Amino acid sequence: MVLVFAEATNGKFKKAAHEVVTYGAKTAAALGSDCVALTLGNVEDAGDLGRFGATKVYNVSAPELAGFDSGVFTAAIAGAAQQLGAKVIVLSHNSTGKNLTGRLAARLDAGSAPGVKAVPVVDGGKFTVRKAVFSGKAFADVEILTDTKVVSLVGNSIPVEESGSAVGVESLTVELPAPKVKVLSTKRAEGTTPLPEAELVVSGGRGLKGPENWGVINDLADALGATTACSRPVADSDWRPHHEHVGQTGVAIHPNLYIAAGISGAIQHLAGVNSSKTIVVINKDPEAPFFKAADYGVVGDLFEVLPRLTEAVKKFKSA
Amino acid sequence: MKMLVCVSKTPETTTKIQLTADKTDLDKGGVQYIMNPYDEWYALVRALELKEAGGGSVTILNVGPADNDSVIRKGLAIGADDAIRVNSEGGGSLYIAKQIAAQAEGYDIVFFGKETIDYNGSEVGAMVAELLGVAYVGEASHLEMNGNVATITRDIEGGVEVVEVSTPLAISAAKGMAEQRIPNMRGIMMAKRKPLNVVEPVDAPSTTEVASYELPPAKSAVKLIDPENMDELVRLLHEEAKVI
Ligand SMILES: Cc1cc2nc3c(=O)[nH]c(=O)nc-3n(C[C@H](O)[C@H](O)[C@H](O)COP(=O)(O)OP(=O)(O)OC[C@H]3O[C@@H](n4cnc5c(N)ncnc54)[C@H](O)[C@@H]3O)c2cc1C
Ligand SMILES: Nc1ncnc2c1ncn2[C@@H]1O[C@H](COP(=O)(O)O)[C@@H](O)[C@H]1O
């Protein structure tokens, strides 16, 4: 059995939860088994996960799960996996998942593949998954050798697919330890999609010259409904908040569209953005290295090109 | 406070990745190695700052072969007191975590980097925390200590969470924790005399194996668009790339 941990934020599922359930259902199909989903805490409409291929949804609710403590969540997921006899556990490779994948693997003495990008290949007794390594500069096909396996899926790497309809939800009781971590506050930017989950990203570099010029980036992002990002020197100079910094030492992103303006395309920047499906580069220097990694390029002054592009997007959207 | 900083060795960030002919390994010819940036810039430096402010000790731990001693010495030159190397060629994340856990008893804080920039696992720290039965806070961008209570800011999707936790604990460090320190001449000289203890690994099986590597397909040549004609770019993004 494949057990998928479907995370809810404030009681609601985001796209990442639909992606992992889709992934779990495809993994189960490859193994000739079933996919069930696990939700923790109060979740609205948990049975809806059936639409993405879960044959059943289980829920563990307990006061210990109110704030995020990786030890408690690990005990809940591992406990459920053991009760249900699940052999493959699937999570999202997001901040929650990164706190859990390793703990779960250690607790279950299981092999793990964190950050996979494709459905496992099951061949005879072999179970092999593809993950990005060297910050997206290569892929590794990792064979998991243990009976129990833990994998975490990178966001936006497989399309969400509907293959069923809503299913029943059953409560499970799992023994949980007392939390060691006390959550004091949780702050999330309202309205915009966080960078690791974003499908559309507009990013600015040192070519913007200063924080006061960010209007041209924000206007295009607003017109597209995109999330904004930046290069490292921009965040280091406090022109933009550090959570917008993408690249080798910042956030690694996987959007469908990455538009980079005034960014030269240093190898450490590319490392965090090269798994974008489509890359558009706007730079006044035709020799900028970023053009080699781009699908579409515009050689020109970003202060003229970006407003023109924003207008063109608005025209397209209203057509 | 007794602190342990786990460091790994990774290819330098500008490395062009090339594979051996049978694709089972990285072609190591000409590759320069460094200390994993998250381990060096953020984890190690924050541990040193806490020691400078409140006393205690900072020990570096690496699981790896004798080649790694140069990276360990760099950590000593930056300011760690001593180091342990578990003499091993490695055997996957859980193997490494078990080696670390075998050395990590008795420390108040065990520091990790948010991820290694070669394997990009983000999992060894969490594994060690589970093996030791201690709290784990991943992707931490701030850490303040007040006695044995840590206040930690951790990065979450699109925001931050502030948590409080008592030692012993394990933490993985992300950008924001500290600023990179460059070792000075005195540090480099002193590092030569600091203890680097080599210990043998404990028994643990490999749980994963990389069957092969592959390079991403080469990008086809960039399509240049007339800067006056952004309608054309929008049309291509819609009709050809199908991303808007
Ligand atoms: C270990 C290490 C890790 C690193 N990690 C990262 C990382 O995670 N992310 C990251 O981004 N960097 C990282 N870097 C830094 C990286 O090497 C580059 O220095 C950085 O990406 C450059 O940022 P930039 O492209 O914004 O600036 P620049 O390199 O200065 O490029 C600015 C670009 O803007 C163009 N330009 C200027 N004016 C205009 C205009 N009016 N219109 C159009 N174009 C214009 C210029 O032609 C130029 O190409 C790292 C470096 C090291 C050593
Ligand atoms: N061989 C190793 N020796 C010591 N620490 C390691 C080793 N490999 C990984 N680590 C630590 O674990 C962190 C996360 O590694 P990973 O899970 O591979 O991304 C690194 O940033 C290091 O702090």
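What you see is a predicted model; the values in this text were computed from it and never measured.

1. Section: the domain arrangement of chain A
Residue and element names in this part refer to chain A. As assigned here, chain A comprises domain 1 (2-171) and domain 2 (195-318). The distance between the C-alpha centroids of domain 1 and domain 2 comes to 32 Å. Contacts between the two partners involve nine residues from domain 1 and, on the opposite side, twelve residues from domain 2. Summed over both sides, the interface between domain 1 and domain 2 buries roughly 850 Å², with carbon and sulfur atoms accounting for 36% of that surface. In terms of surface lost to domain 2, no three residues of domain 1 exceed Ser135, Lys137 and Asn156, which account for 53% of the buried area on that side. The interface formed by domain 1 and domain 2 includes two salt bridges. Measuring nitrogen to oxygen at the nearest pair gives 3.5 Å for the salt bridge that ties Glu197 to Lys14. Counting the contacts that link domain 1 with domain 2 gives six residue pairs in polar contact (both at pLDDT 80 or more). A breakdown of the residues in the side of domain 1 that touches domain 2 according to their chemical character gives one nonpolar, four polar and four charged.

2. What about the site of ligand 2?
Residue and element names in this part refer to chain B. Around ligand 2, 18 residues are found, and the nearest of them are Cys6, Asp39, Thr116, Ser122 and Glu123. Interatomic distance of 2.6 Å between a side-chain N/O atom of Asp39 and an oxygen atom of ligand 2. In this structure, an oxygen atom belonging to ligand 2 sits 2.8 Å away from a main-chain N or O atom of Ser122. Protein contact buries 95% of the 480 Å² of open area that ligand 2 shows by itself. Secondary structure elements with two or more residues in the shell around ligand 2: strand 4 (57-64), helix 3 (93-103) and strand 6 (109-113). The leading source of residues in the shell around ligand 2 is strand 4, at three residues. Broken down by class, the residue content of the shell around ligand 2 amounts to eight nonpolar, seven polar and three charged.

3. Things to note about the UniProt feature "domain: Electron transfer flavoprotein alpha/beta-subunit N-terminal" (unreviewed entry) in chain B
When the UniProt feature table is mapped onto this chain, "domain: Electron transfer flavoprotein alpha/beta-subunit N-terminal" (unreviewed entry) is found at residues 23-208 of chain B. Along residues 23-208 of chain B one finds 30% helix and 32% strand; the C-alpha atoms at either end are 17 Å apart.

4. Quick notes on the site of ligand 1
All names here are of chain A. Taken together, 28 residues form the shell around ligand 1, and within it Ser231, Thr249, Ser264, Gln268 and Asn283 come nearest. At 2.9 Å from an oxygen atom of ligand 1 is found a main-chain nitrogen or oxygen belonging to Arg232. A distance of 2.9 Å separates an oxygen atom of ligand 1 from a polar backbone atom of Gln248. A total of 1000 Å² of accessible area belongs to ligand 1 in isolation, and the protein chains cover 81% of it. Elements with a contribution of two residues or more to the shell around ligand 1: helix 5 (232-236), helix 6 (267-273) and helix 7 (302-318). Class assignment for the residues of the shell around ligand 1 results in seven nonpolar, 15 polar and six charged.

5. Some remarks on the pattern of salt bridges
Residue and element names in this part refer to chain A. Here the structure, examined in full by the defined rule, presents 36 salt bridges over all chains. Across the pair Glu44 and Lys12 runs a salt bridge, and its minimum N-O distance is 3.9 Å. Of this pair, Glu44 sits in the loop between strand 4 (35-40) and strand 5 (56-60) while Lys12 is found in strand 3 (residues 12-13), placing the two residues 32 residues apart along the sequence. With a relative accessible area of 47%, Glu44 lands in the partly exposed category.

6. Things to note about the interface of chain A and chain B
The interface is formed by 83 residues belonging to chain A together with 76 residues belonging to chain B. Both faces considered, chain A and chain B share a buried interface measuring about 7100 Å² in area, 56% of it formed by carbon and sulfur atoms. Counting the surface chain A buries against chain B, the share from its top three residues, A:Arg103, A:Phe134 and A:Tyr296, is 11%. For the interface between chain A and chain B, the tally reads ten salt bridges. In this structure, B:Lys175 engages A:Asp236 in a salt bridge whose closest nitrogen and oxygen atoms are separated by 3.1 Å.

Reading the values: the criteria
- Residues numbered from 1 in each chain as written.
- Chains lettered and ligands numbered in written order.
- Predicted model: local features only at pLDDT ≥ 70, side-chain atom pairs only at ≥ 80, totals over all residues.
- Heavy atoms only, no water.
- Domains from an automatic or database assignment.
- Contact = heavy atoms within 4.5 Å.
- Buried area = accessible area lost by both parts, 1.4 Å probe.
- Salt bridge = Lys/Arg side-chain N within 4 Å of Asp/Glu carboxyl O.
- Polar contact = N/O pair within 3.5 Å; in protein donor to acceptor, adjacent residues only side chain to side chain.
- Nonpolar A, V, L, I, M, F, W, Y, C, P; charged D, E, K, R; others polar.
- Near = heavy atom within 4 Å.
- Areas by Shrake-Rupley, 256 points an atom, 1.4 Å probe, with all protein chains shown as cover.
- Helix = DSSP H or I, 4+ residues; strand = E, 2+ residues; numbered from the N terminus.
- UniProt positions renumbered as here; feature names shortened; annotations may be inferred.
- Buried < 20%, exposed > 50% of the residue type's maximum accessible area, 1.4 Å probe, protein only.

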